[in-house]
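What the coordinates show
Here is what each chain is made of, one letter per residue.
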Amino acid sequence: MTVKKKMDAVEYVPILKTEHILKTSFDLDFCDKIIELGKTKINTEVVDNLEGVYRTGWDLQSDPDFTPHLAYMTEVLSGCISKKFNYPHFRGANESYQSKGFQMALSWLDMWVGYYDKNSFVHPHNHGELPSFWSFSAYLSTGESSESSLYFMSDESPERSVSCMRVNVKRGDVLIFPSNIFHYTNDCAGGRVVMASNFFCGYIPNMNSGEE
Ligand SMILES: [Fe+2]
C-alpha cells in the first residue's frame, strides 16, 4: 500500500491565551554606560518603523564594545523569565528541570539602541512569530519626562476587537515580552533612550548530559 503524500496545512487556531508582560530593571549606572556607548555606534542608514529616531545598527550584541555587557543582561533577563516558567510556583521547579537533563539557555538574535525626541513615533509591529523568542525594551532614559510607556495590542477582548494595554515605565525598567505581541509607542519625550533586543530564552536539553 502506498501512502499518498499530501501537503499538510498548518493551522493556527486563535483561542483565548494568557500572556504576560514581564517587568524587571537594569542598574542605572549600566543604563548610563549604554547610553554613552550607543552614541558612538549611530547608524543613519537603517530603514525601520521608528519615526524621528536616531539609532544604532541592529547587531550591537556582536560589537566588541558591547559584548562585555552581555553577561549582565543575560543574568537579569534569564532570571526574570525563569520565574515565569514556574509561575505561580516559584520554588523548586527550575531545579526540577535541571535534574531531568534540561538547562536554561539564552542566545541573542539582535540588539539596538534608539534615541528619541518628542515627535518620535513607533508604528504598531511585532518582532516575529518564533516560539521561545522574546523581546525586551529597556528604558535607559525617559528623557524630559519622569515616565514613559509602551502600548501592547491584544486580541483577547470578547468581541475579538483589538484592544490596547498601556504599560508605564520609569528609567531603568525593562519590559520582556513574547516577540509575537504587537506593540507601539506614541509617548516619547525628548531625551528618551531605549535599548531593544530579540533573543531566544528557554530550556534546552543539557549539552553535557552523558558526560562523566
Ligand atoms: Fe518593537
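In short, a report on the structure. (Residues numbered from 1 in each chain as written. Predicted model: local features only at pLDDT ≥ 70, side-chain atom pairs only at ≥ 80, totals over all residues.)

**What about the sheet that holds strand β2 (residues 50-51)?**
With antiparallel pairing, five strands are arranged side by side in an open sheet as β2-β5-β10-β7-β8. A single partner strand is all that each edge strand has here, and the edge strands are β2 and β8 (163-169). (Pairing = 2+ DSSP bridges. Helix = DSSP H or I, 4+ residues; strand = E, 2+ residues; numbered from the N terminus.)

**Topic: the nonpolar core**
By size, the foremost hydrophobic cluster in this structure holds 34 residues, and its most contacted members are Phe136, Ala138, Leu140 and Ile176. Here the element with the most residues in this core is strand β11 (residues 192-205); it accounts for six residues. Contacts of leucine 140, omitting those with residues within four sequence positions, involve Cys31, Ile34, Ile35, Val193, Val194 and Met195. (Core = buried A, V, L, I, M, F, W, Y, C linked by C-beta atoms within 7 Å. Buried ≥ 20, exposed ≤ 12 C-beta atoms within 10 Å, placed from the backbone. Contact = placed C-beta atoms within 7 Å.)

**Regarding unusual backbone geometry**
A negative phi holds for most residues other than glycine; trans holds for most peptide bonds. Phi at serine 132 is positive, roughly 70 degrees, even though this residue is not glycine. Here serine 132 lies in the loop between β5 (121-125) and β6 (133-142).

**Some details on the environment of serine 179**
Here serine 179 is to be found in the loop between β9 (173-178) and β10 (183-185). Serine 179 gets classed as partly exposed once you count the C-beta atoms within 10 Å, which come to 19. With 50 residues separating them along the chain, serine 179 and glutamate 129 place their C-alpha atoms 6.5 Å apart. Leave out the neighbours within four places in its chain, and serine 179 touches Asn126, His127, Gly128, Leu130, Phe133, Trp134, Ser135 and Asn198.

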